[in-house]
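Inside the fold
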Amino acid sequence: MRGLTMSLLRPAEAELDMPVDLAPAEAPMRLALQSAEQAGRSGEVPVGAVVVVRGQVVAVAHNQRECLNDPTAHAEIIAMRAAAAALGSWRLVDADLYVTMEPCPMCAGAVVNARVRRLFYGCDDPKAGAVRTLFRLLDDARLNHQVEVFPGVLAAESSALLKSFFMRLRRPAADLRVAQR
Ligand SMILES: [Zn+2]
């Protein structure tokens, strides 16, 4: 599994080879996954997000682009808006964002603007990933804020959810392909 070793290392400690225990990140990520499942059931691409501040879950959201007819209604944006409203501040300096898939350029930009402390995400997004895959917006020194990034938290679950969603969309051709594997 590519990237597993790196995903277990804190960026700042990578040289020291100090593994980081990502197990505590799994509980909030499971919450994000549940929210993503809910999105899938309502016909939305299943992506979920959770904001945690000092050990407290302050927002849970999922993608709602279709039902709101809103191109900005990604899980991360909705979760950060809810968190900012709950905290009474747009500065999410003590916030950790958990999202089931690597954020796109829009969401990564919002994560920087919100001054989020740490981002944990599930699977990579080869088509729009702006944290590691296509761009690296969260650790670009030219921007005024950098975010600690922890990729690969429950990545297999996140990507299985997305795959089964798109497979259902493409049935029956997809069923046939799976049967032939
Ligand atoms: Zn996004």
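Residues numbered from 1 in each chain as written. Predicted model: local features only at pLDDT ≥ 70, side-chain atom pairs only at ≥ 80, totals over all residues.

The next thing to look at is the overall build of the chain. Looking only at helices and strands, the chain has seven helices and five strands in total. Across the chain, helices and strands are ordered from the amino to the carboxyl terminus as α-α-β-β-α-α-β-α-β-β-α-α. Expressed as a percentage of its 181 residues, the buried residues of the chain come to 39%. Considering only intrachain contacts with a sequence separation of at least 6, the fraction spanning at least 24 residues in the chain is 56%. (Helix = DSSP H or I, 4+ residues; strand = E, 2+ residues; numbered from the N terminus. Buried ≥ 20, exposed ≤ 12 C-beta atoms within 10 Å, placed from the backbone. Contact = placed C-beta atoms within 7 Å.)

A few words on the pairing of strand E2 (residues 56-62). In the sheet, strand E1 (residues 48-53) pairs with E2 via six bridges, with the strands oriented antiparallel. If you follow Val51 over to E2, its bridge partner there is Ala59. With antiparallel pairing between neighbouring strands as the criterion, E1 and E2 make up a hairpin whose turn holds two residues, including Arg54 at a positive phi of roughly 45°. (Pairing = 2+ DSSP bridges.)

In this fold, Gln34 is placed in helix H2 (residues 26-41). Placed 12 residues apart in sequence, Gln34 and Pro46 show a C-alpha to C-alpha distance of 9.4 Å.

Here we take up the environment of Cys123. Locating Cys123 in the fold gives a position in strand E4 (residues 118-123). Distance in space between the C-alpha atoms of Cys123 and Leu162 is 9.6 Å, their sequence separation being 39 residues. Beyond its immediate sequence surroundings of up to four residues, Cys123 is in contact with Met101, Glu102, Ala155, Ser158 and Ser159.

This paragraph deals with the pairing of E4. Looking down a regular strand, the side chains alternate between one sheet face and the other. For E4, the buried fraction is high: five of the six residues fall into the buried class. Two elements, strand E3 (residues 95-101) and E4, share five bridges in a ladder whose sense is parallel. Directly across from Asp96, in E4, lies its bridge partner Arg118. On the question of chirality, the crossover connecting E3 to the parallel E4 by way of helix H5 (residues 105-113) is right-handed. Of the pairings in the sheet, the one linking E4 to strand E5 (residues 148-150) comprises three bridges and is parallel in character. Residue pairing for E5: Phe120 is matched across the bridge by Phe150. (Right-handed = clockwise from strand over helix to strand, strands pointing away.)

Here we come to unusual backbone geometry. The phi angle at Arg54 is positive, at roughly 45°, despite the residue not being glycine. Tracing the backbone through its elements, the reader meets Arg54 in the loop between E1 and E2. Judged by C-beta crowding, with 8 C-beta atoms within 10 Å, Arg54 ranks as exposed. Its identity as a non-glycine residue notwithstanding, Arg115 has a phi of 60°, on the positive side. Within the element layout of this structure, Arg115 appears in the loop between H5 and E4.

One can describe the packing of helix H4 (residues 75-87) onto H5 by two numbers: an axis separation of 9 Å at closest approach and a directional angle of 25°. Comparing their axes, H5 and H4 come out roughly parallel. Our pair here, H4 against H5, has a crossing hand that is left-handed. Facing H4, whose interface residues are Glu76, Ile77 and Met80, H5 presents Cys107, Ala110 and Val111. Class assignment for the residues of the contact of H4 with H5 results in five nonpolar, no polar and one charged. (Axes fitted to C-alpha atoms, helices over the stretch in contact; angles between N-to-C directions. Parallel < 35°, antiparallel > 145°, perpendicular 65-115°, else oblique. Left-handed = near helix turned anticlockwise from the far one by under 90°. Nonpolar A, V, L, I, M, F, W, Y, C, P; charged D, E, K, R; others polar.)

In terms of nonpolar packing, the biggest core is built from 48 residues, with Val51, Ala79, Leu97, Tyr98, Val111 and Leu119 touching the most fellow members. At six residues, H4 tops the list of elements feeding residues into this core. (Core = buried A, V, L, I, M, F, W, Y, C linked by C-beta atoms within 7 Å.)

Moving on: the sheet that holds E1. The mixed open sheet is built from five strands, whose spatial order is E2-E1-E3-E4-E5. Of all the strands in the sheet, just E2 and E5 have a single pairing partner and so form its edges. When strand polarity is set aside, the average angle formed by the axes of neighbouring strands in this sheet is 15°. Relative to the sheet, H2 contacts E1, E2, E3 and E4, its axis offset from that of E1 by approximately 145°.

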